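# Tertiary structure, described
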Amino acid sequence: VQLQASGGGLVQTGGSLRLSCAASRSIFSLYRMGWYRQAPGKQRDLVARISSGGSTDYEDSVKGRFTISRDVAKNTVYLQMNSLRPEDTAVYYCNADQPFYATQYWGQGTLVTVSS
C-alpha cells in the first residue's frame with residue numbers, strides 16, 4: 001500500500017488547510033487511518049484517527065478545530081484544519097494501521113507552517 005499525502009503549505013494564524021491522503025488501493029474496510037505530526041525536535045504524535053467503522057478520535061489540542069474524514073470511493077482520507085495556530089506547525093504524516101496483523105504504512109509527509 002502506498003499513501004500519498006498532500007495539501008500542506010504556509011498559512012496565517014486562524015487560517016485553514018485541508019490535507020489529503022490518497023491510498024493506492026481500497027483499504028478502509030481493514031485499516032484505521034490516522035494523521036500524525038512531528039514538529040522539529042519532537043516526537044511524532046497522533047493528531048486524529050478514523051477507524052475502519054468510521055468512528056473518530058482526536059488529540060485534545062485539535063478537538064473542535066480539526067476534522068478527519070474519508071471518501072471511500074476515492075480511497076482518500078482528509079484532515080480539515082481550521083483555526084490554525086503556530087503550535088500546529090509540523091510535518092504531517094498519513095498512516096494506515098491494521099493492529100490485528102501488526103501492519104502499518106506511512107505517507108511521505110507534508111509540511112504545514114502557521115505564521116503568527
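Quick note: structure is the one above.
Notes on the structure in this doc start here. Quick caveat: nothing in here was measured; it's all calculated off a predicted structure. (Residues numbered from 1 in each chain as written. Predicted model: local features only at pLDDT ≥ 70, side-chain atom pairs only at ≥ 80, totals over all residues. Heavy atoms only, no water.)

Let's shift gears to the sheet that holds strand β7 (residues 66-71). Backbone hydrogen bonds are what pair the strands of a sheet, in a parallel or an antiparallel way. With antiparallel pairing, the four strands of this open sheet are ordered in space as β1-β3-β8-β7. In this open sheet, the two strands that pair with only one neighbour each are β1 (3-6) and β7. If you compare each strand with its neighbour and ignore which way they point, the axes differ by 15° on average. Summarising the sheet, β1 and strand β3 (residues 17-23) pair through four bridges and their orientation is antiparallel. Paired with Ala5 across the two strands is Cys21, which belongs to β3. (Pairing = 2+ DSSP bridges. Helix = DSSP H or I, 4+ residues; strand = E, 2+ residues; numbered from the N terminus. Axes fitted to C-alpha atoms, helices over the stretch in contact; angles between N-to-C directions.)

To continue, consider the nonpolar core. Among soluble globular proteins, nonpolar side chains are generally buried collectively. Grouped together as the largest cluster of nonpolar side chains are 30 residues, with contacts concentrated most on Met33, Trp35, Leu79, Met81 and Tyr92. Looking at this core, the elements that each hand over two or more residues are β1, β3, β4 (32-38), β5 (45-50), β7, β8 (76-81), β9 (90-98) and β11 (110-115). (Core = buried A, V, L, I, M, F, W, Y, C linked by side-chain atoms within 4.5 Å. Buried < 20%, exposed > 50% of the residue type's maximum accessible area, 1.4 Å probe, protein only.)

Time to look at unusual backbone geometry. Not every positive phi belongs to a glycine, and Asn75 is a case in point at roughly 50°. As for its position among the elements, Asn75 is in the loop between β7 and β8. With a phi angle near 50°, Ser83 is a residue other than glycine that sits in the positive phi range. Inspection of the secondary structure puts Ser83 in the loop between β8 and β9.

Turning our eyes to something else, we now look at the side chain of Asp97. Here Asp97 shows up in strand β9. In terms of polar contacts, Asp97 uses its side chain to reach the side chain of Arg32, at 2.5 Å. In contact with Asp97, not counting residues within four places along its chain, are Tyr31, Arg32, Thr103 and Gln104. (Polar contact = N/O pair within 3.5 Å; in protein donor to acceptor, adjacent residues only side chain to side chain. Contact = heavy atoms within 4.5 Å.)

Our focus in this paragraph is the environment of Gln4. Along the chain, Gln4 falls in strand β1. Along the backbone, Gln4 and Pro40 are 36 residues apart, and their C-alpha atoms lie at a distance of 22 Å. Contacts of Gln4, omitting those with residues within four sequence positions, involve Ser20, Cys21, Ala22 and Gln108.

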